[in-house]
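Examination of the molecular architecture
Each chain, letter by letter, is given below.
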Amino acid sequence: MTDQRFKIGDRVSWNSEAGRVRGRIVRVVTTPIQFKGYTVHASTDEPQYEITSDTTDHIAMHKAQLCEDSEAEADAP
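Throughout what follows, the structure given in this document is the object of discussion. (Residues numbered from 1 in each chain as written. Predicted model: local features only at pLDDT ≥ 70, side-chain atom pairs only at ≥ 80, totals over all residues. Heavy atoms only, no water.)

1. Regarding unusual backbone geometry
Counted only if it meets this: Helix numbering and strand numbering both begin at the N terminus, where a helix is a DSSP run of H or I of at least 4 residues and a strand a DSSP run of E of at least 2. Remark: exposure states derive from per-residue accessible area (1.4 Å probe, protein chains only) relative to the maximum for the residue type, with buried under 20%, exposed over 50%, and partly exposed in between.
The phi torsion at Lys 36 lies on the positive side, around 50°, for a residue other than glycine. In this structure, Lys 36 sits in the loop between strand E3 (33-35) and strand E4 (38-40). Judged by its relative accessible area of 53%, Lys 36 falls in the exposed class.

Have a look at this one:
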């Protein structure tokens, strides 16, 4: 389990097949749901995040450990 928690509106980035993607969290999921035909095994201890890409209309669902705070990346030297 990770200590990293995000909230709606946070900007994050993650690696995809196409490279580094950045987006904004639009929903925090804390119960199991169906998403794009898959079961998302989210819980209050391990939430998952629905994220919309900044550059495309792609919507992704990720665990916190796969995301990085993209605002912190922008502040890094």
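2. As for the nonpolar core
We count it as follows: We define the nonpolar core as a collection of buried residues of types Ala, Val, Leu, Ile, Met, Phe, Trp, Tyr and Cys that are connected through side-chain atoms lying within 4.5 Å of one another. We call two residues in contact whenever any of their non-hydrogen atoms come within 4.5 Å of each other.
Judged by nonpolar contacts, Phe 6, Val 12, Trp 14, Val 21, Ile 25, Tyr 49, Ile 51, Ala 60, Ala 64 and Cys 67 together constitute the single largest core of 10 residues. For this core, the elements supplying multiple residues, two or more each, are strand E1 (11-16), strand E2 (19-29) and strand E5 (48-53). Beyond its immediate stretch of four places on either side in the chain, Cys 67 contacts Phe 6, Val 12, Ser 13, Ile 51 and His 62. Core analysis: the second largest hydrophobic core is formed by six residues, Val 29, Ile 33, Val 40 and Ala 42 among them.

3. Considering the environment of Thr 44
If you trace the backbone, Thr 44 turns up in the loop between E4 and E5. You can call Thr 44 exposed: its relative accessible area is 56%. Remark: the alpha-carbon pair of Thr 44 and Thr 31, spanning 13 residues in sequence, is separated by 7.1 Å. When residues no more than four places from it in sequence are discounted, the contact partners of Thr 44 are Arg 5 and Thr 30.

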